[in-house]
Amino acid sequence: MPSSLELPPLYAVLFSPGPREGRAQDTLPYVPVVFERPDDAESTAPHGLAKSVAAVLPGLWYCLHLPATLLDLVDTPIRKLKAAQQLLLDHHILMVPIDCFDADRVGYLLQGRHPVLAVCPDELLDETQERASSLGFALTATPYSRLNDTTLAAQWHAIQQHYVPELPALTGELSLTHRLDLAPLTLPHRRLARQMGWPTTESTVQDTDTHRAFTHALRGQNHLATLARLEREGASPEDAERRFPQTAREEAARLRVPLALGLPGTAPAYARNAYDSQLRQQFEPQPAVSPDDTWSVTLHERPDHLVERAAVEFVVTHQAIASSGLGLMLPTVPREAFLALADLERHFIDGPSSAATRRLLTRLNDAARPLWSDELRAAVQRAPALTVFSDFPLGLLTMPGDTSPLCARLPVAYRPLQPLTRTLQLQTAVPPPLGLNHRIKVLIAECIPVSDRIGRLSREGWRLARQTATSDALTVVQAETLTLGALQEAVAEHRPDILVLSAHGTMVGNFAALQIGGAARLFLGIDHMPPVVMLSACHVAPRGSGAIAITDLLLREGALAVLGTQVPVDVRHNATLMNRFLVYLAEEIAQPGQFATLLDVWHHVQSSNAVNDILTATPKLKKWAASPTLTGRPVIAEFMANRATGRIRRAHVYEDTEQILGEIADDQGQGPLIRNWFRSPGYIPESLFYVFAGRPDRIFLSSLRHHTERTFAAG
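So, a few notes on the structure that sits alongside this text. If you're wondering where the values come from, they're calculated on a predicted model, not measured in any experiment.

## Examining the overall build of the protein
Reasoning step 1: Secondary structure summary: the protein contains 30 helices and 20 strands in total.
Reasoning step 2: The C-alpha radius of gyration computed for the protein amounts to 26 Å, which stays within 12% of the reference 27 Å derived for 715 residues, consistent with globular compactness.
Reasoning step 3: Summarising its shape, the C-alpha atoms of the protein cover approximately 75 × 65 × 55 Å along the three principal directions.
Reasoning step 4: The burial tally for the protein puts 60% of its 715 residues in the buried class.
Reasoning step 5: Excluding contacts between residues fewer than 6 apart, the proportion of contacts in the protein whose partners are at least 24 apart in sequence is 78%.

This is the structure:
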């Protein structure tokens, strides 16, 4: 692949700075993710999109119709189009106040990219063109008034002629999206259609309702998978035509397509804290689709609910295009679902019971049932992983027909929506993918004094982790960091790839923070934040209470992925989970091939920990787990080494685990007794109450080049 084709195009969308952005201009260089939340008067409600930043929405949507990579301009083998779904080829879009659009402030953001086009409101055109020209942008700046199909076609042609004039251009032109609510389905499909030589106009993709758009997009994905397989197998044109119907049926049965979901909604508790009663009365639940939700160069001037819709739909569409997959907008989370979630999280604070936890999970599922459309169920069944833009833990819900929550079925990465300004900033400020192909260093920061019982148990658990997980591929360092300064110094000294913060979680008002050095901390002030932060702490990512959580705030400090807990967790259970994570991570680095990303490792550990949730629930079950079976092995060893192999369905992981353990108990003549213990006193599925926020799916367990080459070779 020529080096010029490897560099992504960069688009800039300019806006006039508001009060917050104006203060940010004094810092060099410009940082595309701001720390401050917009004031109520300066932002939309309830999701908090700064009105000055909302002005970029027409430009952002327009850029999604331009090439994401220069490979979009050239004919690409079909098998490689299918394989590229694993690579996340994002549009690189710089949202920047015009006062910061100069070499001193944004020059570093242009490095390693092709600066292609700047888009701006009409009143900023002259200044934008002058600044864009000095920064080396290839095309003339475009004002909002000229964002139309004619301009779009001309710019595709101009980009082709500027960067790859020697290669023949693809036929077929994109038109601007009409329905934004359906764009997460229709726009990725139309971009794929251009590569495949299919019709690209909106009328051909049934841009009228979700069912038709989804059916058409899914048919296209199956067509892609079928042709990719036939091409990979070297079928001649005649052979491919003959084999196509049967191959298409076979591919439909095993089709896997990346899925991005937009799930808006604000916890009632957060709304009460953030907005007065008069404003709260204006909040209305939004449906999944709205005929009024259409493209316009003035879409940022609409009422708050339509502006927020356009922003959420943009990030979902941006993600769906990056993976050449599917995207769906869901209706607003029902108020009753947030209330049920809040009660579930509160139940854990005083020590949960198995029966009450099951009842509360059932209540949560009942309240959220309106979310489960036929399209959502069909998309989830075909998804290898989920990216969820939401402040609601969708992964905790159980899909109709399953018996275990969604996070057990497949990996889930969350992108928080509050505040929506930061969601846009984090989504468009595409970080480079990270390849952990070197020796990984893990720093365990002990923030709990040894005089604290939890601190002693934590240190013992991590001591065992160091013994079992440390290898040539992975180094685990333990440090005493009882003050914020000590934590900052330890990170600066060790420069870890993964930072594990062993600390108490604490709630201060509406903030879920870490207790470090006798104070609640929401901001850690760490220079060179490690890419991965794992919070070994209780309820640092609650969702039902609408708390502002440190799990989400660490993303603004530079972490690429943050793991946090929704509820208080048992320190010993947490140690088991984290220990298993480090062991599998070390094994993958030493002998790659089982897991592609950090998210994949975590999901395997989380979903396969059901047996530990069950067998460590009570002293009686712990004792039974160590008792000998007919083979002479302990129950836990017999389960893992023999009985469970090939029998655990992710969608039914707890049910299947109970079934297999019951069979082992039957062999011992204790079946009814052990099964009764599963219900009384029962167990808590504690492993499910973790959320992975950010981009753990962009952290590859090999170098990016090796991952790309391996992906395309497999394709």
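## Remarks on the packing of helix α9 (residues 183-196) against helix α10 (residues 210-232)
Reasoning step 1: Running from N to C, α9 and α10 cross one another at 35°; their axes reach a closest spacing of 10 Å. The way α9 lies across α10 gives a crossing that is left-handed. Between α9 and α10, the contacting residues are L185, T186, H189, L192 and M196 on the first element and T210, A213, F214, H216, A217, G220, Q221, L224 and L227 on the second.

## Structural notes on the pattern of salt bridges
Reasoning step 1: Under the definition given, this model contains 35 salt bridges.
Reasoning step 2: Its salt-bridge partner being D239, residue R243 comes within 3.6 Å of it at the nearest N-O pair. Residue R243 and its partner D239 are both found in helix α11 (residues 237-254); the two are separated by four residues, about one turn of the helix.
Reasoning step 3: The exposure class of R243 is partly exposed, given its relative accessible area of 21%.
Reasoning step 4: A salt bridge links R649 to E655, with the nearest nitrogen and oxygen atoms 3.4 Å apart.
Reasoning step 5: R649 gets classed as partly exposed once you look at its relative accessible area, which sits at 43%.

## So, the pairing of strand β16 (residues 532-536)
Reasoning step 1: The buried fraction of β16 amounts to five of the five residues, a majority that puts the element mostly inside the structure.
Reasoning step 2: Sheet topology places strand β12 (residues 498-502) next to β16; five bridges connect them, and they run parallel. Across the sheet, the residue bridging to S502 is S536, located in β16.
Reasoning step 3: With three bridges joining them, β16 and strand β18 (residues 561-565) adopt parallel strand pairing. Looking across to β18, one finds that V533 is bridged to V562.

## Some points on the side chain of E446
Reasoning step 1: Among the structural elements, E446 can be located in strand β10 (residues 440-446).
Reasoning step 2: Within polar-contact distance, the side chain of E446 engages the side chain of S502 at 3.3 Å.

## A few points about unusual backbone geometry
Reasoning step 1: Cis geometry is adopted by the peptide bond preceding P46, which originates at A45 and carries an omega value of 10°.
Reasoning step 2: As for its placement among the helices and strands, P46 is situated in the loop between α2 (19-24) and α3 (51-54).
Reasoning step 3: In this model, S680 is joined to P681 through a cis peptide bond whose omega is 10°.
Reasoning step 4: Residue position: P681 is located in helix α29 (residues 671-682).
Reasoning step 5: Despite not being glycine, S324 has its phi angle at roughly 50°, a positive value.
Reasoning step 6: Phi angles above zero are rare outside glycine, and R495 is one such case at about 45°.
Reasoning step 7: Positionally, R495 belongs in the loop between α21 (484-494) and β12.

Procedures and definitions
Numbers given to residues run from 1 along each chain, matching the order in which its sequence is written. Owing to the predicted nature of the model, reporting of local features is limited to residues with pLDDT of at least 70; listing and counting of side-chain atom pairs is limited to 80 or more, with chain, interface and lining totals taken over all residues. Excluded from the side-chain calculation are hydrogens and water; included are all heavy atoms of the structure. Here a strand is any run of E in DSSP of at least two residues, a helix any run of H or I of at least four, and the numbering for each starts at the N terminus. Radius of gyration here is computed from C-alpha atoms only, and the compact-globule reference equals 2.2 Å multiplied by the residue count raised to the power 0.38. Only protein chains enter the accessibility calculation, which uses a 1.4 Å probe; a residue whose area is less than 20% of its type maximum is buried, one above 50% is exposed, and one in between is partly exposed. Here a residue-residue contact requires only that any non-hydrogen atoms of the pair lie within 4.5 Å. Here, axes are lines fitted to C-alpha atoms. For helices the fit covers the stretch in contact, and angles between N-to-C directions go from 0 to 180 degrees. If you view the pair so one helix is near and one far, a crossing is left-handed when the near helix is turned anticlockwise from the far one by less than a right angle, and right-handed when it is turned clockwise. What makes a salt bridge here is a side-chain nitrogen of Lys or Arg within 4 Å of a carboxyl oxygen of Asp or Glu, nothing more. Being paired, for any two strands, means DSSP has found at least two bridges between them. Polar contact is the term for a pair of N or O atoms within 3.5 Å; when the atoms are in protein, one must be able to donate a hydrogen and the other to accept it, and sequence-neighboring residues count only if both atoms are side-chain atoms.

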